[in-house]
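So the chains spell out like this:
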Amino acid sequence: SALQTALPSGLRALEQAGATDQDSYVVTADFAAAHSLTSIGDLANAGTLTLGGNSELRTRPYGPTGLSDLYGVTVNFTPIEDSGGPLTVKALTDGDIQLANIYSSDPVLADGSLTVLKDPKGLFLASHFVPLASSRVDDKAADVINRVSAALEPSDLVEMNRASTQDQKSASQIAREWLTSKGLLS
């Protein structure tokens, strides 16, 4: 609702999707299972932890200080300058770090070997997809877009990114397959 009032004349916000593309904290699935981890707060009982991420994460509100202040989780920090990319994933899977900052829609999350920890206290700002439309878009077209938003979940976005980067599928093929799988396209 705040977005709607902040938009310039001629634009309107349509329905928010469940899908997000935001920072998240990730552990290996094995580490999550060994320590019964499902949410960030569970890390408080997981022993000595090292967080890996871009160097600016050290001073971000959701970095080590935010983890400590909001969840009571104390971490060491290792800078890894690839924005949650292959170097970060390697450090995580090799055990050099136990916790990584990886975007929630990254295709590396598709195979299930990594676990995104839930953030019930809102350490990370929500970054849901919200379509913006011209006021010239009629209600019938807006309803179609809103049906797409209602069907778009975080796991869908991860899989679409995986299909693009690993399977090398075109955007139109990925969209067509997803729309069909959700019953939005015959």
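Visitor: Before we go on, may I ask you to explain unusual backbone geometry in this structure?
Guide: What you tend to see is this: most non-glycine residues have negative phi, and most peptide bonds are trans. One non-glycine residue, Ser 83, lies in positive phi territory at about 55°. As for its position among the elements, Ser 83 is in the loop between strand S4 (76–79) and helix H4 (86–93). On the basis of relative accessible area, Ser 83 is assigned to the partly exposed category, the value being 38%. Residues other than glycine seldom take positive phi values, yet Gln 168 does so here, at roughly 60°. You can call Gln 168 exposed: its relative accessible area is 61%.

Visitor: What exactly am I supposed to notice about the pattern of salt bridges here?
Guide: Where charged atoms from two side chains of opposite charge come close, those side chains can pair. A full pass over the atoms with the stated rule returns six salt bridges. Where Asp 94 meets Lys 90, a salt bridge forms, and the shortest distance between an N and an O atom there is 2.5 Å. Of the charged contacts in the structure, one is a salt bridge between Arg 162 and Asp 167, with a shortest N-O distance of 2.9 Å. With a relative accessible area of 38%, Asp 167 lands in the partly exposed category. Shared partners join several salt bridges into a network, and the residues in it are Glu 159, Arg 162 and Asp 167.

Visitor: Would you take a moment to explain the sheet that holds strand S3 (residues 50–53) for this structure?
Guide: Sheet strands pair by backbone hydrogen bonding; their relative direction is either parallel or antiparallel. With mixed pairing, five strands are arranged side by side in an open sheet as S4-S3-S5-S2-S6. On the outer flanks of this sheet lie S4 and strand S6 (114–116), each paired with one strand and no other. Averaged over all adjacent pairs, the angle separating strand axes in this sheet is 30°, with direction ignored. In the sheet, S3 pairs with strand S5 (residues 99–101) via two bridges, with the strands oriented parallel. Bridging from a neighbouring strand, Leu 51 pairs with Leu 99 of S5. Along the sheet, H4 contacts strand S2 (25–28), S3, S5 and S6; its crossing angle with S2, the most-contacted strand, is approximately 45°.

What counts, and where the lines are drawn
Residues numbered from 1 in each chain as written. Predicted model: local features only at pLDDT ≥ 70, side-chain atom pairs only at ≥ 80, totals over all residues. Heavy atoms only, no water. Helix = DSSP H or I, 4+ residues; strand = E, 2+ residues; numbered from the N terminus. Buried < 20%, exposed > 50% of the residue type's maximum accessible area, 1.4 Å probe, protein only. Salt bridge = Lys/Arg side-chain N within 4 Å of Asp/Glu carboxyl O. Pairing = 2+ DSSP bridges. Axes fitted to C-alpha atoms, helices over the stretch in contact; angles between N-to-C directions. Contact = heavy atoms within 4.5 Å.

Geometry only, nothing functional implied.
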